[in-house]
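Descriptive structure summary
Here's the letter readout for the chains.
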Amino acid sequence: MAGAWGKPHMSPESLSGKRRLEPDQEPQPQEAGPSGPRTEEEGALTRDEYEEDSSDEEDIRNTVGNVPLAWYDDFPHVGYDLDGKRIYKPLRTRDELDQFLDKMDDPDFWRTVQDKMTGRDLRLSDEQVALVQRLQRGQFGDLGFNPYEPAVDFFSGDIMIHPVTNRPADKRSFIPSLIEKEKVSRMVHAIKMGWIKPRRPQDPTPSFYDLWAQEDPNAVLGRHKMHVPAPKLALPGHAESYNPPPEYLPTEEERLAWMQQEPCERKLNFLPQKFPSLRTVPAYGRFIQERFERCLDLYLCPRQRKMRVNVDPEDLIPKLPRPRDLQPFPVCQALVYRGHSDLVRCLSVSPGGQWLASGSDDGSLRLWEVATARCMRTVLVGGVVRSIAWNPNPAICLIAAAMDDAVLLLNPALGDRLLVGSTDQLLDAFTPPEEPTLQPARWLEASEEERQGGLRLRICHSKPVTQVTWHGRGDYLAVVLSSPGHTQVLIHQLSRRRSQSPFRRSHGQVQCVAFHPTRPFLLVASQRSVRIYHLLRQELTKKLMPNCKWVSSLAVHPAGDNIICGSYDSKLVWFDLDLSTKPYKVLRHHKKALRAVAFHPRYPLFASGSDDGSVIVCHGMVYNDLLQNPLLVPVKVLKGHTLTRDLGVLDVAFHPTQPWIFSSGADGTIRLFS
């Protein structure tokens, strides 16, 4: 009883060790006196309780207790020692290759285990290895334990006078239980009420049934109008007789021909043979196979005839208007603009529709007259022109071209001389501020020699420029840089010659940008999404998910409520901004990657150019009624470009006033379709 009142736990070995004496030691007599027991008690209080504890079952360095060690997975330590200090986990940076090298080099690797309490590697001694091996063989852990010692009976075989136990019998052994009586009464009442039903003996016979047993016409299956009866075997003919007529016996040629045929092509699945008597007929070799096929016929045969719905495939196609009712749209090739010696990456049409500008990989920028396909001027820029944009303001005669890491602003000096002069006056009227501000781009004036070539300003950036586009009013232009980070998109103001980076962080690699035609929105297309930002509020308005692998191009409808996106996985996606952030329609007309998409400024037309060398023109009518969805109808496939380096059409642009479309290709030509 004393051990249950809070005395420290001691192992049996330690308890026995206190009273066991060595053979060569004599028991010392105790001194009698009043101070003897008190001195022994004081010694027991000052003695350390772990001093004589010989138990090695637990490592006393870690006193975390019997708690799940998974609690320490997110901590650098695995427990606490006796002083309350943390026991840190050992650094384990070894991979499988290091473990394999240790296994090859360390001869004691096979006896090294990990201690889960401390997380350290322990080397098992020979005694511990022998203990593990004995336990694996199903033997006792103690080597000196003999499981076959003679048993000592607790009860002797002699008849004793007094019983071993004289405990009186319980009351429940001779008085019926009231609780059991209540349970039995409840079960009897449930059986009478039918709540508990006795178990019925199971029928050992298998439950097989015939699928075609109900062949009676009065049966439910037989009364069905479209009931199909069970297929019946064909009656045997003369060929199946054991003594058929001579005309049914095959010749040697017919036998060889039958052997060479496929089993499904044979008229008979056996060869007729003649036997002198029925006793000489051998066993049929295909009996089991034919019985199996007969079972399959009965099992898989339809039991009800269903009328097949005859649908005209033409009725499944949506009713679309005929293309001839949707004219005008470009139908044939009218002019070819030749002059570039390398692929033409970009093109742009003047606001009046009289001039055309194109940029190529041959390091030149050419200006064409639309009506005659005559090259009016060639500007050598000394690099690849990746993007070009004509200022949409008809009062300004200016072209922005992206070349390497700079944006070139050129005055083409075509058309009205007053307009050309007013544009130069507008650029020369700028006065630089007294204190220059830090900008992400540098504005440089053109030299006198460059001004004669048409160059007016040069905007230098730190990274290559991939796209340039103008705002509808012609004062702002946005550029896209091929650099990771938040400075991929920059906005330049022409009148004040200022540059700014509108974003603080990046949401992926930007492919192209576009200004909204009527609202202060900026559309930024990354690889997997299109984000619409409000420039005045400086916030994200909407995020569109095209469900494409890689967005390549972007165009905004002149009304501003619909946009189209082209992708490198041959998809053209139409978005209705008032409807949803998911695509309204996905068009898969092209066979290869889309390079450019464009809307017509006046007519309900949009087009896409692809690497398959074709330009597909579609009719896209947008209604003022919000309840009526846009009507999208492909009307014409225009072909003319030849594939070069697996590239086809690189850019498309509509004429601002006429239903014409321009396309530039990798074959170095520009084609006008009217």
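Residues numbered from 1 in each chain as written. Predicted model: local features only at pLDDT ≥ 70, side-chain atom pairs only at ≥ 80, totals over all residues. Heavy atoms only, no water.

The protein appears in an unreviewed UniProt entry as Ribosome biogenesis protein BOP1 from Cricetulus griseus. Under the Sequence similarities (unreviewed entry) heading, UniProt states for the protein: "Belongs to the WD repeat BOP1/ERB1 family." Quoted verbatim from the Function (unreviewed entry) heading of the UniProt record, the comment on the protein is "Component of the PeBoW complex, which is required for maturation of 28S and 5.8S ribosomal RNAs and formation of the 60S ribosome." (UniProt positions renumbered as here; feature names shortened; annotations may be inferred.)

Within the protein, the secondary structure is distributed over ten helices and 33 strands. A burial count over the protein gives 33% of its 674 residues as buried. Residue pairs at least 24 apart in sequence account for 48% of intrachain contacts in the protein once pairs closer than 6 positions are excluded. For the protein, the exposed area adds up to about 47000 Å²; of that, 53% sits on carbon and sulfur atoms. (Helix = DSSP H or I, 4+ residues; strand = E, 2+ residues; numbered from the N terminus. Buried < 20%, exposed > 50% of the residue type's maximum accessible area, 1.4 Å probe, protein only. Contact = heavy atoms within 4.5 Å. Areas by Shrake-Rupley, 256 points an atom, 1.4 Å probe, with all protein chains shown as cover.)

What the four strands build is an open sheet, ordered β27-β28-β29-β30; its pairing is antiparallel. Since the sheet does not close on itself, it has two edges, and those belong to β27 (594-599) and β30 (631-639), each with one partner. The mean inter-strand angle of the sheet, taken between neighbouring strand axes irrespective of direction, is 20 degrees. Sheet topology places strand β28 (residues 605-610) next to strand β29 (residues 614-621); five bridges connect them, and they run antiparallel. In the strand pairing of β29, F606 is matched with C618. (Pairing = 2+ DSSP bridges. Axes fitted to C-alpha atoms, helices over the stretch in contact; angles between N-to-C directions.)

As a further point, take the sheet that holds strand β10 (residues 385-390). Note on sheets: strands pair through backbone hydrogen bonds, and any given pair is parallel or antiparallel. Reading across the sheet, the five strands line up as β10-β11-β12-β14-β13 and stay open at both edges, with antiparallel pairing between neighbours. Because the sheet does not close on itself, it has two edges, and the strands there are β10 and β13 (442-445). Here the strands of the sheet are splayed against their neighbours by 20 degrees on average, with no regard to which way each runs. With four bridges connecting them, β13 and strand β14 (residues 455-460) associate as antiparallel partners. The residue bridging L444 from the neighbouring strand is R458, located in β14.

Looking now at the pattern of salt bridges. Side chains that differ in charge, positive against negative, can pair when their charged atoms come close. All told, the structure shown has 17 salt bridges when counted by the stated rule. Residues R111 and D126 are paired through a salt bridge, measuring 2.9 Å at the closest nitrogen-oxygen approach. Of this pair, R111 sits in the loop between α3 (96-105) and β3 (112-114) while D126 sits in helix α4 (residues 126-136); the two residues are 15 residues apart in sequence, bridging distant segments of the chain. In this structure, the salt-bridge partner of R374 is E369, at a minimum N-O distance of 3.7 Å. Three or more residues are tied together by salt bridges with common partners; here these are R167, D170 and R172. (Salt bridge = Lys/Arg side-chain N within 4 Å of Asp/Glu carboxyl O.)

A separate point is the pairing of β28. Counted residue by residue, β28 has six buried out of six residues, so it is predominantly covered. Both faces of β28 are covered, namely the face carrying L605, A607 and G609 and the face carrying F606, S608 and S610. In the sheet, β27 pairs with β28 via five bridges, with the strands oriented antiparallel. Considered in β28, the bridge of F599 is made with F606. Remark: five residues form the turn of the hairpin made by β27 and β28, two consecutive strands paired antiparallel. Counting the residues that bridge the hairpin from β28 to β29 gives three residues, and of these G613 lies at a positive phi of roughly 85 degrees.

Residue position: S663 is located in strand β32 (residues 661-665). A distance of 2.7 Å separates a polar atom in the side chain of S663 from a polar atom in the side chain of H641. With residues up to four places along the chain from it excluded, the contact list for S663 reads L347, V615, H641, V649, D651, V652, T669, I670, R671 and F673. (Polar contact = N/O pair within 3.5 Å; in protein donor to acceptor, adjacent residues only side chain to side chain.)

Once that is clear, we can look at the nonpolar core. Counting 20 residues, the largest nonpolar core has A400, V407, L409, V468, W470, V479 and L494 as its most contacted members. Listed in part, the 19 residues of the second largest apolar core include A357, V381, W390 and A406. (Core = buried A, V, L, I, M, F, W, Y, C linked by side-chain atoms within 4.5 Å.)

Right, let's talk about the pairing of β32 for a bit. The buried count for β32 comes to five of five residues, which makes it a mostly enclosed element. Here strand β31 (residues 649-654) folds back onto β32 in antiparallel fashion, the turn holding six residues. Relative to strand β33 (residues 669-673), β32 is paired through four bridges, and the arrangement is antiparallel. Counterpart to S664 in the pairing with β33 is I670. Where β32 hands over to β33, the hairpin turn is made up of three residues, of which G668 adopts a positive phi near 85 degrees.

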